[in-house]
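Per-entry structural report
Listed here are the chains, written in short residue letters.
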Amino acid sequence: MSDHSAAIEDFLLERRTFPPPRAFRDAAAVSDRSLYEAADADWEGFWAAQARELVDWYEPWTSVCEWDLPFATWFAGAKLNVSYNCLDRHVEAGQGDRVAFFWEGEPGDRRVITYSDLLDEVCRFANVLKGLGVERGDRVAIYMPMIPELPVAMLACARIGAPHSIVFGGFSSEALAGRIQDARAEVLVTADGGWRRGTISGLKPNADAACAECPTIRHVVVVRRTGQEVAMVDGRDLWWHDLMGGAATECAPERMDSEDLLYLLYTSGTTAKPKGIMHTTGGYLTQIAFTHKYVFDLKAESDVYWCAADIGWVTGHSYIVYGPLANGATGVMYEGTPDFPDRDRWWEIIERYRVSILYTAPTAIRTFMKWGSELPAKHDLSSLRLLGSVGEPINPEAWVWYHENIGGGRCPVVDTWWQTETGSILISPLPGVTTLKPGSATFPLPGVGAEVVDDHGNRVEKGGGYLCLTRPWPAMLRGIYGDPERYRQTYWSRFEGRYFAGDGAKVDDDGYLWLLGRVDDVMNVSGHRISTTEVESALVDHPAVAEAAVVGAQDPTTGQAIVAYVTLKASEVASEERGEELRTHVASVIGPIARPRTVIFTDELPKTRSGKIMRRLLADVANGRSLGDTTTLADPSVVEEIRSRASGGSADEE
Ligand code: WTA
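Criteria and cut-off values
Residues numbered from 1 in each chain as written. Predicted model: local features only at pLDDT ≥ 70, side-chain atom pairs only at ≥ 80, totals over all residues. Heavy atoms only, no water. Helix = DSSP H or I, 4+ residues; strand = E, 2+ residues; numbered from the N terminus. Rg over C-alpha atoms; globule rule 2.2 N^0.38 Å. Buried < 20%, exposed > 50% of the residue type's maximum accessible area, 1.4 Å probe, protein only. Areas by Shrake-Rupley, 256 points an atom, 1.4 Å probe, with all protein chains shown as cover. Phe/Tyr/Trp six-rings, centres within 6.5 Å; stacked < 30°, edge-to-face > 60°. Near = heavy atom within 4 Å. Polar contact = N/O pair within 3.5 Å; in protein donor to acceptor, adjacent residues only side chain to side chain. Nonpolar A, V, L, I, M, F, W, Y, C, P; charged D, E, K, R; others polar. Salt bridge = Lys/Arg side-chain N within 4 Å of Asp/Glu carboxyl O. Domains from an automatic or database assignment. Contact = heavy atoms within 4.5 Å. Buried area = accessible area lost by both parts, 1.4 Å probe. Axes fitted to C-alpha atoms, helices over the stretch in contact; angles between N-to-C directions. Left-handed = near helix turned anticlockwise from the far one by under 90°. Pairing = 2+ DSSP bridges.

1. Structural notes on the overall build of the protein
- The helix and strand tally for the protein stands at 20 helices and 29 strands.
- The C-alpha radius of gyration computed for the protein amounts to 24 Å, which stays within 12% of the reference 26 Å derived for 654 residues, consistent with globular compactness.
- Once the C-alpha set of the protein is aligned to its principal axes, its extents read approximately 70 × 60 × 50 Å.
- Among the 654 residues that make up the protein, the fraction classed as buried is 63%.
- Summed over its atoms, the accessible surface of the protein is roughly 23300 Å², and 48% of this surface lies on carbon and sulfur atoms.

2. Section: the packing of aromatic side chains
- All chains considered together, the criterion is met by 39 aromatic pairs.
- When the ring of Trp67 is compared with that of Trp492, the centres are 5.3 Å apart and the planes differ by 55°; the resulting orientation is tilted. Taken together, the positions of Trp67 in strand β1 (residues 63-68) and Trp492 in helix α16 (residues 484-492) put the pair 425 residues apart, joining distant regions of the chain.
- Ring centres 5.4 Å apart and planes at 80° place the aromatic pair Trp473 and Tyr499 in the edge-to-face group. Taken as a pair, Trp473 in the loop between β22 (463-469) and α16 and Tyr499 in strand β23 (residues 499-507) lie far apart in primary sequence, 26 residues in all. Residue Trp473 shares its accessibility class with Tyr499, and that shared class is buried.

3. Observations concerning the site of the ligand
- The environment of the ligand is made up of 16 residues, and the closest members are Asp415, Thr416, Thr420, Asp503 and Arg518.
- Within the backbone of Pro393, an N or O atom sits 3.4 Å from a nitrogen atom of the ligand.
- Protein chains bury 90% of the 530 Å² of accessible surface belonging to the ligand in isolation.
- Put simply, the parts of the chain that give the shell around the ligand at least two residues each are α11 (314-326) and β24 (513-518).
- Among the residues forming the shell around the ligand, the class breakdown is six nonpolar, five polar and five charged.

4. Quick word on the pattern of salt bridges
- Going through the model one piece at a time under the given rule, you end up with 52 salt bridges.
- Put simply, Glu604 and Lys370 hold a salt bridge, and the shortest N to O gap is 3.6 Å. Here the residue Glu604 occupies a position in the loop between β29 (598-601) and α19 (615-622), and Lys370 occupies one in helix α13 (residues 362-371), the gap between them amounting to 234 residues.
- Under the relative-accessibility criterion, Glu604 is labelled partly exposed at 40%.

5. A few points about the domain arrangement of the protein
- Along its sequence, the protein is organised into domain 1 (22-450) and domain 2 (523-653).
- The gap between the C-alpha centroids of domain 1 and domain 2 is 33 Å.
- Contacts between domain 1 and domain 2 engage 17 residues on the former and 25 residues on the latter.
- Both faces combined, the contact of domain 1 with domain 2 buries some 1700 Å², and carbon together with sulfur accounts for 53% of it.
- At the boundary of domain 1 with domain 2, the tally comes to two salt bridges.
- Close ionic contact of Glu547 with Arg366 constitutes a salt bridge, the shortest N to O distance being 2.6 Å.
- Taken together, the links from domain 1 to domain 2 amount to eight residue pairs in polar contact (both at pLDDT 80 or more).
- Those elements that place two or more of their residues in the side of domain 1 that touches domain 2 are α13 and α15 (396-406).
- The element that contributes the greatest number of residues to the side of domain 1 that touches domain 2 is α13, accounting for five residues.

6. Considerations on the packing of helix α17 (residues 532-540) against helix α18 (residues 576-590)
- Between α17 and α18, whose axes approach to 9 Å, the crossing angle comes to 120°. The two elements α17 and α18 cross, and the hand of that crossing is right-handed. Listed contacts from α18 to Glu534, Val535, Ala538 and Leu539 of α17 are Leu582, His585, Val586, Val589 and Ile590.
- Here the contact of α17 with α18 is built from residues that sort into seven nonpolar, one polar and one charged.

7. Let's talk about α19
- With six of eight residues buried, α19 lies mostly within the body of the structure.
- Within the sequence span of α19, burial applies to Arg615, Leu617, Leu618, Ala619, Asp620 and Val621.
- The first or second residue beyond α19 is Gly624, which carries a positive phi of 65°.

8. Some thoughts on the sheet that holds strand β18 (residues 357-360)
- Across the sheet, seven strands lie side by side as β5-β4-β17-β16-β18-β19-β20; this open sheet has mixed pairing. Each having just a single partner strand, β5 (110-114) and β20 (413-415) make up the two edges of the open sheet. Taken pair by pair, the neighbouring strands of this sheet meet at an average axis angle of 20°, ignoring direction.
- As defined by bridge partners, strand β19 (residues 386-389) adjoins β20 across three bridges and the pair is classed as parallel. Bridge pairing in β20 places Ser389 opposite Asp415.
- Relative to the sheet, helix α5 (residues 115-131) contacts β4 (99-104) and β5, its axis offset from that of β5 by approximately 90°.

See below:
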């Protein structure tokens, strides 16, 4: 155990290691340290080389990186177009018939969209936008389900140089209105609705409610997806299919500056006003093309790649749309939930399209663990060769379950750490190079500077602390829209000269990085600063447990005490004995200090819509405070249930 004053202490020890399988390494795009060495020798030169190799430019840059902390300019003066890079150049190279997306709607309808098809549609929609008066630099808001028209709309914006601002289709009209107002968007692209778990989620009524608060909106373009009756405002609202029918299929891409705004994406803070994260053109495209190619070891001619996120999040922006298309990949896109019509929908999709790379989130993996390994076992998943994880720390047991039950024990699992703000994966294994440890995101990628520091900003060589980034990177955010001071304050003020991501991390004996969750969640038990992630991983390590969330509750003796919310696997039954067993299990895995005071069993945990556990809310429940804002919950009834259990005395209290 590390000393008492450590920023965050380091308790959990995971010893399993997985070197790259021989066959994987032999066929991998990179299987030695050459990329790391090149980047270490000259990181600017390294990024310039990647930019030349992976991206087509109309005009070269005059400098690679200009750094006036915290404002970066990458590839100054260079000109390019993202939609050209994602579409035209592949078609020009004779790859027009390659599939860009195998799309599958939740009800079972399917579309196969080639690069030529996509280019055609993108040009037409670009002309539609121009026809509606959208000019270079104007912001376009997008509020859509996971249908092909969504990437079409994004790429059309990129083609004419109009930054998009996508608002996740599950957000409320208030959330949409706030984001439209902040961006002062003039056009909104939406749909009548989308399919979710067999029912229609109506988007147009929300869009109407939002637009009532948004005088900047001149036009609303509506895709007909679900077909129910929707109100159309005369003069303002237009059907996608009417406009597209008359649009020309040629539209010259704008020559954009490397630093022109490509998109805004608002991060959904639960308390403060959402931040409009700004991503620009040249550096962003370079780094996501690079990471998509090397982290996923992409073989564009043969892989079928499925990132199962929603395009409304950054993961979808970077790794469903821009990265994969820039690399000419074939992707899968699925509209609905994993349990419709049955809980094996994903495995059926993988079997049908022979998916070879799957990228998803720990929350999904733990849900599948809960549902049981019989479901994937019913399907032929032998096409898979690589698995990825993003969004939260992945508990070692969930990693191992994924590796065995989905990957058949043969697929490397890349645990990728990054954020909306970073734009691109920054910490991750390279699957042909790195020996994996379940639960560790391993090392910074080539070209990335990251380190763990203590409260005073001193580098931690071993043990826990705060994860910082030490130098600019091409896909980094360029700021918060309209608020440069908040940008400096939020990310660049805690540790001088460094970007602080808000995450805790530890470094092990071999220099591997382990993400420990948000530092706001760290618990202080008898003066020990214990990460939620480690205690949760110890709980998930128990064979009966699928998922767990722990929080600190006030305690007269220890300051804070650990309260654990636990979801058991489908076949297991909650009982007092089980609770006692879990408490003992944690104490034996990481030490008596981490023994939960209370274990509360629950069928679901409260999560944000992107699947992250909402510990703040659970802490409110545990501390008997009134509940905070629950509007970003996946299912608000979950909290009610947790609250009633917590106060109903069924908790396993000491
Ligand atoms: C967390 C998602 C541990 C982290 C791309 C980060 C992770 C936040 C990982 C960003 C990972 C993401 N291991 N934690 N592999 N990936 N996170 O903006 O707390 O939705 O700061 O971006 O998710 O979430 P965001």
